[in-house]
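Now for the letters of each chain:
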Amino acid sequence: MFTSTLPRQNGSQVTDLPEDLFAAIQSLKQELNAVILAHYYQDPDIQDIADYIGDSLGLSRQASQTNADVIVFAGVHFMAETAKILNPDKLVLLPDLNAGCSLAESCPPDAFAQFKAEHQDHLVVSYINCTAEIKAMSDIICTSSNAVDIVRQIPEDQPIIFAPDRNLGRYVMAETGRDLLLWQGACLVHENFSEKKLVQLKIEHPEAEIIAHPECEPAVLRHADYIGSTTALLRYAKNSPKSSFIVATEPGIIHQMEKETQGKSFIPAPPMSSCACNECPHMRLNTLEKLYLSMKNRTPEITISEEVRIAALRPIQRMLEMSK
């Protein structure tokens, strides 16, 4: 047994973590009948211990189908909220409650309620990267995997509000030819990629394909050889005859890309500054130690009022139905 120290949320300290965290987590998983869901943007250790790794759509499907009594969500707050919306009777844990989302925070519920009231004839399609309160005000939820397909299923004469990500909204508009009313939200990670540095990186690696997430700015997307969700980027990298890729999304996905391909190289797209700003600071708050402690202590637990949960459930269910 070694001694390690982590801060508790109340400021006190945690010591005496088990030496083999992987084994301890596996033991707790059996004891709790728990499932660990992890996003591609999590640390490699968390991805390796997870029962399922995926993007928002895949994680939503897993959360809706699990028979586990406890869902440990290694992601950010809105993802764990979605799991709780779909599983009101299950214990849903988030290793660090401070793991929020800059995109979700860019759409305050009060301001969005007023915006929606000013456009009452519009159907609201909201990207899953939003709070439960925004989901509750939406008609359909979408993910980066299915946003284009969902908008295409909506009658062309139906006006649409698309929230909260303006960049995904612009991409959907370009792909569908629809005129969407966009909420002006954005992800701090995907907005921070430097077009200038990306072009320079391409010059240095002319053989590399640029693959990008649609949350990126249009200036970055126009250089991309392929645009898609994290799962789609992973699939493309596996199937492409190319052996080198510049990856314009959160670099956590590169761990899976390297695991699922052989002899291929992946270069993270550079941010505007010299910091590690292409890493999501919220996603990286979760650690293997915090994941263990959340399972051991059955906290932090995600809770949602039943009124909000029921209202938010309908557009999520509609998304799942439209994505079959």
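The sections below set out a description of the structure shown in this document.

1. A few points about the nonpolar core
1) Next: Counting residues in each nonpolar core, the largest one holds 102 residues, and the members touching the most others are F162, M257 and M295.
2) Next: A per-element tally of this core places helix α15 (residues 306–322) first, with seven residues.
3) Next: What M295 contacts, discounting residues up to four positions off in sequence, is I25, L28, K29, L32, A34, I36, V72 and L93.

2. Observations concerning the sheet that holds strand β6 (residues 91–93)
By definition, the strands of a sheet pair up through backbone hydrogen bonds, in either a parallel or an antiparallel sense.
1) Next: Read across the sheet, four strands follow the order β4-β3-β5-β6 without closing on themselves; strand pairing throughout is parallel. Both outer strands of the open sheet, β4 (52–54) and β6, are each paired with one neighbouring strand and no more. If you compare each strand with its neighbour and ignore which way they point, the axes differ by 20° on average.
2) Next: Pairing of strand β3 (residues 34–39) with strand β5 (residues 70–74) involves five bridges; the strand directions are parallel. What sits directly across from I36, in β5, is V72.
3) Next: Sitting on the sheet, helix α3 (residues 56–65) is in contact with β3, β4 and β5, with an inclination near 170° to β3.

3. Re empty space enclosed by the protein
1) Next: All chains considered together, the criterion is met by two cavities of 30 Å³ or more.
2) Next: What the largest cavity holds in volume is close to 270 Å³.
3) Next: When residues of the lining of the largest cavity are traced back to their parent elements, those giving at least two are α3, α4 (77–86) and α5 (102–105).
4) Next: Its residues assigned to classes, the lining of the largest cavity comprises 13 nonpolar, 12 polar and three charged.
5) Next: Empty space within the second largest cavity amounts to approximately 50 Å³.
6) Next: Surrounding the second largest cavity, S56, L59, S60, F73, F78, M79, T82 and I128 form its lining.
7) Next: Elements with a contribution of two residues or more to the lining of the second largest cavity: α3 and α4.

4. Brief notes about the packing of helix α1 (residues 21–32) against helix α14 (residues 288–297)
1) Next: The N-to-C vectors of α1 and α14 enclose an angle of 30°; their axes lie 10 Å apart at closest approach. Accordingly, the angle class assigned to the pair α1 and α14 is roughly parallel. Crossing geometry of α1 relative to α14 is assigned as left-handed. Facing α1, whose interface residues are L21, F22, A24, I25, L28, K29 and L32, α14 presents L288, E289, L291, Y292, M295 and K296.
2) Next: Residue classes in the contact of α1 with α14 are distributed as 10 nonpolar, no polar and three charged.

5. Thoughts on the layout of surface pockets
1) Next: Reported here for the second largest pocket is a volume of approximately 290 Å³.
2) Next: If you list the elements that add at least two residues to the lining of the second largest pocket, you get β4, α3, α8 (147–152), α9 (166–176), β12 (226–227) and α12 (230–239).
3) Next: Classifying every residue of the lining of the second largest pocket by side-chain character gives 12 nonpolar, seven polar and three charged.

6. Quick notes on the sheet that holds strand β10 (residues 181–182)
1) Next: The four strands are arranged β8-β7-β9-β10 in an open sheet whose pairing can be described as parallel. Two strands close off the open sheet at either side, each with one partner strand: β8 (140–142) and β10.
2) Next: In this sheet, β10 lies alongside strand β9 (residues 160–163) in parallel orientation, the contact comprising two bridges. The residue bridging F162 from the neighbouring strand is L182, located in β10.
3) Next: Sitting on the sheet, helix α6 (residues 109–117) is in contact with β7 (123–127), β9 and β10, with an inclination near 165° to β9.

7. A closer look at α15
1) Next: Between its first and last C-alpha, α15 extends 24 Å over 17 residues, near the 24 Å set by a 1.5 Å rise per residue.
2) Next: Here α15 has its buried residues at V308, R309, A312, L313, P315, I316, M319, L320 and M322.

8. Things to note about the pairing of strand β13 (residues 244–248)
1) Next: Taking burial as the measure, the five residues of β13 include five buried ones, the bulk of the element.
2) Next: Residues S244, I246 and A248 line one face of β13 and the alternating positions F245 and V247 line the opposite face, and both faces are buried.
3) Next: Relative to β13, strand β11 (residues 209–212) is paired through four bridges, and the arrangement is parallel. By the bridge assignment, I210 is partnered in β13 with I246.
4) Next: In this structure, β13 lies alongside strand β14 (residues 265–268), joined through four bridges in parallel fashion. Looking at the pairing, I246 lines up with I267 of β14.
5) Next: Each parallel crossover has a hand, and for β13 linked through helix α13 (residues 253–260) to β14 it is right-handed.

Rules of the game
- Residues numbered from 1 in each chain as written.
- Predicted model: local features only at pLDDT ≥ 70, side-chain atom pairs only at ≥ 80, totals over all residues.
- Heavy atoms only, no water.
- Core = buried A, V, L, I, M, F, W, Y, C linked by side-chain atoms within 4.5 Å.
- Buried < 20%, exposed > 50% of the residue type's maximum accessible area, 1.4 Å probe, protein only.
- Helix = DSSP H or I, 4+ residues; strand = E, 2+ residues; numbered from the N terminus.
- Contact = heavy atoms within 4.5 Å.
- Pairing = 2+ DSSP bridges.
- Axes fitted to C-alpha atoms, helices over the stretch in contact; angles between N-to-C directions.
- 1 Å grid on protein atoms, 1.4 Å probe; cavity = no way out; pocket = protein on both sides within 12 Å on 5 of 7 lines; lining within 4 Å.
- Points joined across faces, edges and corners; volume = space filled by probe spheres on them.
- Nonpolar A, V, L, I, M, F, W, Y, C, P; charged D, E, K, R; others polar.
- Parallel < 35°, antiparallel > 145°, perpendicular 65-115°, else oblique.
- Left-handed = near helix turned anticlockwise from the far one by under 90°.
- Expected span 1.5 Å × (residues − 1).
- Right-handed = clockwise from strand over helix to strand, strands pointing away.

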